[in-house]
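One-letter residues, chain by chain:
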Amino acid sequence: MADPAHTAPAVAIDGTGGRTAAPAEAVVIDGTGGRTTTPAAPAPTDSIGGWTTAPTAAVVIDAAGGRTTTPAAPAAIDNTADRTTAPAEAVVIDAAGGRTTTPAAPAATDSTGGWTAAPTAAVVIDRSGTIRALNDAAHLLFPSAGAGRAAADTVAGWLVAAHDRGSDEVVRGEAGERAFVAYPAPHGEAVTWWLVDETDARSAREALAREQRRTAFLSEASAALLGSLNLDRCMDVAARLAAEHLADAALVVAPAAGRGFPAVSCVRGGRPARVRLDIDPDELPGLGEALQGFPPVPSRWLDPGSAPSWVLPAGFGPVGSIVVTPLPGHGVPAGALVLLRRGDRASFTDQEELFARLFAARAGAAMSAARVFALQASITDTLMRELLPPTLAQLGGVEFAGRYRPARDGERIGGDFYDVHPAITADGDESLAVLGDVCGKGLDAAVLTGKIRTTLRALLPMAGDHHRLLELLNRTLGGNADARYVTLVLASVRREGATVRLRVTCAGHPPPLIVRTGGGVEEADSRGTLIGVLPEIKATSADITLQPGETCLLYTDGIVEAKGGPLGDAMFGEERLKQVVAECANMPADAVVERVQMLASQWIGRGTHDDMAVLAITAPRAQPTGPDLA
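### Observations concerning the overall build of the protein
A tally of regular secondary structure across the protein gives 13 helices and 28 strands. By residue count, 46% of the 630 residues in the protein fall in the buried class. Accessible surface, the protein: about 30700 Å² in total, of which carbon and sulfur atoms supply 53%.

As structure tokens, this is what we get:
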């Protein structure tokens, strides 16, 4: 046993011999129980700021594999490194020149598997900015760095700046072509900076953020493009979004319509401009194919210098890169999209071209939907004109006025109708007014209404014989498989001086009401059977004479059967209708139908109702002349 006189003032015996974490002196006890004093390891590499606080997990496993331990300090920078790499025994020379043998430190904490071989770069820098130690990974990262050298001259500036600030926060920066995040571990008079490579993680985060932005843009673009079914507006939105997010300028070209190609051009930050291009699309390589729906030509195959002038917006400058991609539609191409970048910007990448095609697919679908909607709207308007009631005015010296309200407020057509046909008979002085009510509601009833109106128009040469006309119409409708029927009122109208002569025939329809100048109301004496139900019909006609200011009112059952009122379940009824028209004595035809329709609508309120139609035939009042004007 060694002499007790060699005992150090303080003793700290750890798993590696106890010297790395000891104070000014430590005692090493050899295999025979002897001991000697030896200086401690450098403070900057102790267990507080070195190994144990590293951001990367580390586990030391002994040779037997049976137990694990974490060294208190990196042995590689211990000043007793001769002991950590020694064989089974080591000799320690004490201050007096004596020596004793001691077991070597565990091999797991040597310079090969501990600090120096750690895959994460670590640099120990003291308060003065001097490097105290660094491992192999840090030396590869900063080749000119070394123990005792100034950090400012050898390591990354952002790391030195963070150290000089005394920051204990995580900092990020680049070294070479790699990105690192530096974790500080203060201990004593120094800080150990652990530099973790986050290049791949940052690239992944950036790629994810880029895809999230693109996905959000495509979602917003779809909403904006589908926000309008107007083709011109849709092209404006497509050009503006493409110029703002995909290129410096964009040109949206639609298929040829007549002479020329409708197009919209837009520069980033500008407003879309509509033009019509009288061009040969093959002047721009890939455009002719794109307009036919063929796959796009890669931008690297296109020579920006050969782009025709009509592609470039005014004052755009030299073109550096061009992308031409089709706008796919529903079955047929919707057009083409041309993207332009200035010469001072990078060319389109493959990923950007792919993203442009994704945008083009949405723009093409929206433009195609707008074009289909426009076509359908045009067809609907053309057909609707034949189904809507006509606008009436004075004809042959007789006032005519009508009003129609379909059963569903959102629709414009239904099963009720009226028409006034000018005189086409030989004497040429008799007009034919028709008001009818087809069985059913909505579009199906409107289709049958259109057929009946067309048939009646074809039968106008027989308008003088109401019974014959109704018989032919009955035969026509009797062959319908859906067994629908119609009720009608025919009124042949002739002006005779100041009066108006009418011949009225009803076929299963409520008789017209005659409003006299004194306010009296009469029913026309005409009855008849439905049209389209029985093989033979019966109908009687009534002759009526209207004095100036008197009116004959034709109406459908939707008026009298309208339910409403204070309790919501009372019918408007014939008596109430007679009271209303009695108040309309001496009124113009247009005022009569307006008042009847208004009061019936007020009676209904928000309730449901059938189709409602009214037609007024009025003998004009004599215009005052001469002294009467005074």
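That shown, we press on.
### A word on the pattern of salt bridges
Per the stated rule, a full pass over the model turns up 27 salt bridges. Arginine 172 is the partner of glutamate 198 in a salt bridge, and the nearest nitrogen-oxygen pair spans 3.1 Å. With glutamate 198 in the loop between strand 11 (190-197) and helix 5 (199-225) and arginine 172 in strand 9 (residues 171-175), this pair connects stretches of sequence that are 26 residues apart. On the basis of relative accessibility, which here comes to 7%, the residue glutamate 198 falls in the buried class. Taking the relative accessible area as the measure of exposure, arginine 172 reaches 53% and is therefore exposed. Residue arginine 300 is joined to aspartate 350 by a salt bridge in which the shortest nitrogen-to-oxygen separation is 3.5 Å. Linking arginine 300 in the loop between helix 7 (287-291) and strand 15 (319-327) with aspartate 350 in helix 8 (residues 350-387), this pair joins segments that are 50 residues apart in sequence. What you see here is one network of salt bridges that share partners, running through Glu430, Arg494, Glu496, Arg501 and Arg503.

### Concerning the packing of helix 12 (residues 573-582) against helix 13 (residues 589-604)
The description of two helices packed together rests on the angle between their axes and the distance between the axes. At a minimum axis separation of 10 Å, helix 12 and helix 13 run at an interaxial angle of 140°. It follows from the interaxial angle that helix 12 and helix 13 lie oblique. Both helix 12 and helix 13 take part in a crossing whose hand is right-handed. Together, Arg576, Leu577, Val580 and Val581 of helix 12 and Arg595, Val596, Leu599 and Trp603 of helix 13 make up the contact between the two elements. Considering only residue class, the contact of helix 12 with helix 13 consists of six nonpolar, no polar and two charged.

### Digging into a nonpolar patch on the surface
The grouping of Leu375, Ile379 and Leu383 at the surface amounts to a nonpolar patch, some 310 Å² of accessible area in total. Looking at where leucine 375 falls in the secondary structure, it is placed in helix 8.

### Description of the sheet that holds strand 18 (residues 416-421)
Strand order in this open sheet of five strands is 18-19-20-21-24, and the pairing throughout is antiparallel. Bordering the open sheet on either side are strand 18 and strand 24 (541-546), each of which pairs with just one other strand. Looking at each pair of strands side by side, their axes are set apart by 15° on average, direction ignored. Summarising the sheet, strand 18 and strand 19 (residues 431-438) pair through six bridges and their orientation is antiparallel. Within the sheet, the bridge partner assigned to histidine 421 lies in strand 19 and is leucine 432. In the packing of helix 9 (residues 442-458) onto the sheet, contacts are made with strand 18, strand 19 and strand 20 (486-496), and the angle to strand 18 comes to roughly 20°.

### Some details on the nonpolar core
Membership of the largest hydrophobic core comes to 32 residues, with the highest contact counts inside it found for Phe217, Leu225, Val252, Leu327, Leu337, Leu339 and Phe359. No other element matches the eight residues that helix 6 (residues 231-245) contributes to this core.

### What about the pairing of strand 20?
Along strand 20, eight of the 11 residues are buried, which leaves the element largely enclosed by surrounding structure. Direction of pairing for strand 19 relative to strand 20: antiparallel, over a ladder of eight bridges. Considered in strand 20, the bridge of serine 431 is made with valine 493. Where strand 20 meets strand 21 (residues 499-507), nine bridges bridge the pair, whose relative direction is antiparallel.

### Considering the pairing of strand 8 (residues 131-134)
As paired elements, strand 7 (residues 121-126) and strand 8 share three bridges and run antiparallel to each other. Residue pairing in the sheet places valine 124 in a bridge with alanine 133 of strand 8. From the end of strand 7 to the start of strand 8, which pair antiparallel, there are four residues, and glycine 129 there has a positive phi angle of about 85°.

### Details of the sheet that holds strand 22 (residues 513-515)
The sheet built from five strands is open, its strands ordered 17-28-25-22-23 with antiparallel pairing. Every interior strand has two partners, whereas the edge strands, strand 17 (399-405) and strand 23 (521-523), have only one. Strand-to-strand twist in this sheet, taken as the mean axis angle between neighbours without regard to direction, amounts to 20°. Sheet topology places strand 22 next to strand 25 (residues 551-555); three bridges connect them, and they run antiparallel. Across the sheet, residue isoleucine 514 finds its bridge partner in strand 25, namely cysteine 552. Packing of helix 13 onto the sheet brings it into contact with strand 17, strand 25 and strand 28 (612-618), and relative to strand 17 it is tilted by some 20°.

What counts and what doesn't
- Residues numbered from 1 in each chain as written.
- Predicted model: local features only at pLDDT ≥ 70, side-chain atom pairs only at ≥ 80, totals over all residues.
- Heavy atoms only, no water.
- Helix = DSSP H or I, 4+ residues; strand = E, 2+ residues; numbered from the N terminus.
- Buried < 20%, exposed > 50% of the residue type's maximum accessible area, 1.4 Å probe, protein only.
- Areas by Shrake-Rupley, 256 points an atom, 1.4 Å probe, with all protein chains shown as cover.
- Salt bridge = Lys/Arg side-chain N within 4 Å of Asp/Glu carboxyl O.
- Axes fitted to C-alpha atoms, helices over the stretch in contact; angles between N-to-C directions.
- Parallel < 35°, antiparallel > 145°, perpendicular 65-115°, else oblique.
- Left-handed = near helix turned anticlockwise from the far one by under 90°.
- Contact = heavy atoms within 4.5 Å.
- Nonpolar A, V, L, I, M, F, W, Y, C, P; charged D, E, K, R; others polar.
- Patch = residues over 30% accessible without salt bridge, like charges linked within 9 Å, V, L, I, M, F, W, Y side chains within 5 Å.
- Pairing = 2+ DSSP bridges.
- Core = buried A, V, L, I, M, F, W, Y, C linked by side-chain atoms within 4.5 Å.

Note that all results are geometric; they support no functional claim without further evidence.
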